[in-house]
Amino acid sequence: MTYAITQTCCNDATCVAVCPVNCIHPTPDEPDFGTTEMLYIDPKSCIDCGACADACPVDAIFPADRLTERLREYEGINAAYYADREPAPVLASPNFHTWGEPAFDRSIPADFAPIRVAIVGTGPAGMYAAEDLLLHTNAEVTLIDRLPVAGGLLRHGVAPDHPATKGAGETFARFHTHPRVRMRLGVAIGEDVTPEELAAHHDAVVYAVGAPSDRRLGIPGEDLPGSVPATSVVSWYNAQPETGADAVRLAAERVVVVGNGNVALDVARVLVTDPDALARTDIADHALAALRDARVREVVLLGRRGPEHAAYTTSELLALKHLPGVDLVVDDTDPRTGATIDAAEPGTKAALLRGVDREAADWTRAPARDRRRIVLRFHSAPVEALGTDAVRAVRVTEDGVPSGTEIGAGLLVRAIGYRGVPLAGLPFDETTGTVPHEAGRVKGLPGSYVVGWIKRGPSGGIGANRACAEETVGTLLADAVAGALPKPTGTSREFRRLARSRSGRGLVDARGLASIDRAERARGRDAGRPRIKLATVPELVAAARGGRLRLPR
């Protein structure tokens, strides 16, 4: 029986590397790698060895005959990818296909002195860069984060009901205690320590600071209370310590979310999911309490374009279709919506909506009290947020033009994309929200590099950062071998003293991070949950200091 890749695929191609028969595509060497929503197993070539499932960092691969009802569609999704493709040739060798000669593109000469590399940001982009350096070179790595806890968007951006995706963090965590790694958490570069000071203590600096801000709608009323960016909502339910427990208020029965990407779907799903189901996750305690008391019964997703152009992935839409106790509805007020769905080719995003209930929604009526639902409204954009002291409704377009249609809502969430922000001392492109670079090398700043969303913009999931990091690390190492890196004037120990003296949050190292992890897991065990996150900076710092193991330096 063949295996199948399912919803939580992270696209980092770990499974490709271990497959003995080359049945997982696209591979990193193929043109469409990084552009497909996920990777796919060829059912005709798979030999049922299970190597891919063992290697998968996010538990996305299962035998097809063991797929649950919610995941059963993925057997067909995997097979459909190969419908018009020839299977990979199987050769007569012990491994069924010929392995290429080993390549060491990201390496330095054996007699080369170890280089000290600082990585600013501990999310997937930064950790893939650290992994690459540690596995391929003798580099010493300093991991830096402005928060006193590691993880970045993996901890504070992945929805709590996607625990398998968060499992990638376990893969990265093994590097936190690596003998050539030093963790300096709770240090804000550009505030506590300048980029110049950081560079003076390291041979190279890699910035993996992501895209923490959001794009604005540019409509009247956008700044009313009750109008919030999706970044705030996601941070709120994920216990991001810089986001207050009162950042999101759920006093109304209907919420309007602008956008139809994966983040928009995440927000919608969390707001209407049964709180008892969320209580088995690591959702923030304050968010869980608010959702138990919330009156939200309906979330309306506004998509500027039609269902054929939706930005969400197939897997996230399928998750909505199988959400227990929640109805998925398509608003077909615009005749183009239904016509597009009916005419859609099998396997397309629009075709996935075939069979979903449709109705011409009446926004003058309050949501039903006995059911929760998510409404997909395409060909519609917000024109104005209405209200005096807070949002009470959103005026939207009809047939692509402003209209008098108002959707009553007490919360407006803009989920139209993340955006990078300038970092002191680095160049910044305001148009793209990124740092200008050449293959990861920051223009005009020798020894400085970028990786992840601050490098390429807010696109691609967790696995996309692996190839991104490989390029940046390759550039960095080429510069090191060429002698193009500035020589640091300070030592690693001197930087530790500097960071400790400057940290406004309290410096946390690997031992402190381990103490935080133990504390959160212990709190979770008492409540039957995987962990209960500490939600404020003081709580995190106190946990880091309070339960510390006595380990040799």
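Residues numbered from 1 in each chain as written. Predicted model: local features only at pLDDT ≥ 70, side-chain atom pairs only at ≥ 80, totals over all residues. Heavy atoms only, no water.

Draft legend 1. Up close: the sheet that holds strand β11 (residues 254-258). Strand order in this open sheet of seven strands is β10-β19-β11-β12-β15-β13-β14, and the pairing throughout is parallel. Looking at the sheet topology across the chains shown, the edges are occupied by β10 (227-229) and β14 (357-359). Taking each pair of neighbouring strands and ignoring which way they run, the sheet shows an average axis angle of 25°. When strand β13 (residues 326-331) meets strand β15 (residues 372-377), the two strands line up parallel, connected through six bridges. Pairing of Leu328 across the sheet is with Ile374, part of β15. (Pairing = 2+ DSSP bridges. Helix = DSSP H or I, 4+ residues; strand = E, 2+ residues; numbered from the N terminus. Axes fitted to C-alpha atoms, helices over the stretch in contact; angles between N-to-C directions.)

Draft legend 2. Expanded view of the sheet that holds strand β17 (residues 393-398). Pairing in this open sheet of three strands is antiparallel, and the strands run β16-β17-β18 from one edge to the other. Bordering the open sheet on either side are β16 (382-386) and β18 (401-408), each of which pairs with just one other strand. For this sheet the average axis-to-axis angle between neighbouring strands, irrespective of direction, equals 25°.

Draft legend 3. Up close: helix α12 (residues 285-293). Among the residues of α12, His286, Ala287, Leu288 and Leu291 are the ones counted as buried. Its buried side turned inward, α12 meets α9 (230-237), α10 (262-272) and α11 (275-278). (Buried < 20%, exposed > 50% of the residue type's maximum accessible area, 1.4 Å probe, protein only. Contact = heavy atoms within 4.5 Å.)

Draft legend 4. A look at the pattern of salt bridges. A complete count under the given rule lists 42 salt bridges for this structure. Residue Arg216 pairs with Asp223 through a salt bridge whose shortest N-O separation is 2.8 Å. In the salt-bridge network here, residues are joined through shared partners; they are Arg155, Glu170, Asp517, Glu520, Arg521 and Arg531. (Salt bridge = Lys/Arg side-chain N within 4 Å of Asp/Glu carboxyl O.)

Draft legend 5. Examining the nonpolar core more closely. Judged by nonpolar contacts, the single largest core of 126 residues is most densely connected at Ile24 and Tyr237. For Ile24, the contacting residues outside a window of four places in its chain are Ile5, Cys15, Val16, Cys19, Leu39, Tyr40, Ile41, Cys52 and Tyr82. Ranked by size, the runner-up nonpolar core spans 19 residues in total, among them Ile189, Leu198, Val435 and Ile454. (Core = buried A, V, L, I, M, F, W, Y, C linked by side-chain atoms within 4.5 Å.)

Draft legend 6. Broad picture of the side chain of His176. Inspection of the secondary structure assignment puts His176 in the loop between α7 (168-173) and β7 (181-185). With relative accessibility at 13%, the residue His176 sits in the buried group. Ignoring anything within four residues of it in the chain, the contact list for His176 reads Met127, Leu143, Ala150, Val181, Met183, Ala510 and Leu513.

Draft legend 7. Up close: the packing of aromatic side chains. In the structure shown here, the tally under the stated rule is four aromatic pairs. Ring centres of Tyr81 and Tyr82 lie 5.1 Å apart, and the angle between their planes is 85°; on these two criteria the pair is classed as edge-to-face. The class for Tyr82 is buried, based on a relative accessible area of 9%. When the ring of Tyr128 is compared with that of Phe172, the centres are 5.0 Å apart and the planes differ by 90°; the resulting orientation is edge-to-face. Of this pair, Tyr128 sits in helix α4 (residues 124-136) while Phe172 sits in helix α7; the two residues are 44 residues apart in sequence, bridging distant segments of the chain. Per residue, the accessibility class of Tyr128 equals that of Phe172, and both read buried. Every member of this aromatic cluster is reached through a ring pair, and the members are Tyr40, Tyr81 and Tyr82. (Phe/Tyr/Trp six-rings, centres within 6.5 Å; stacked < 30°, edge-to-face > 60°.)

Draft legend 8. Representation of the pairing of β18 within the structure. Taken together, the five bridges between β17 and β18 define a ladder with antiparallel strand orientation. Looking at β18, one finds that Thr397 is bridged to Pro402. What sits between β17 and β18 in their antiparallel hairpin is a turn of two residues, with Asp399 showing a positive phi close to 55°.

Draft legend 9. Looking closely at the side chain of Gln240. If you trace the backbone, Gln240 turns up in the loop between α9 and β11. Judged by its relative accessible area of 9%, Gln240 falls in the buried class. At 2.6 Å, the side chain of Gln240 forms a polar contact with the backbone nitrogen of Glu242. (Polar contact = N/O pair within 3.5 Å; in protein donor to acceptor, adjacent residues only side chain to side chain.)

Draft legend 10. Up close: the pairing of β16. Summarising burial for β16: four of the five residues are buried, a large majority. As judged from the four bridges shared by β16 and β17, these two strands associate in the antiparallel manner. By the bridge assignment, Leu386 is partnered in β17 with Ala393. Counting the residues between successive antiparallel strands, the hairpin from β16 to β17 contains six residues, one of them, Gly387, with a positive phi of roughly 150°.

Draft legend 11. Structural view of unusual backbone geometry. The step from His25 to Pro26 runs through a cis peptide bond, and the omega angle for that step is -5°. For Pro26, the location among the structural elements is in the loop between β2 (24-25) and β3 (40-41). Of note in this structure, His379 is not a glycine but carries a positive phi near 50°. Within the secondary structure, His379 is located in the loop between β15 and β16. The backbone of Ala439 sits at a positive phi, close to 55°, despite the residue not being glycine. The topology assignment puts Ala439 in the loop between β21 (437-438) and β22 (441-442). Judged by relative accessible area, which is 32%, Ala439 ranks as partly exposed.

Everything listed here is a matter of geometry and, on its own, says nothing about what the molecule does.
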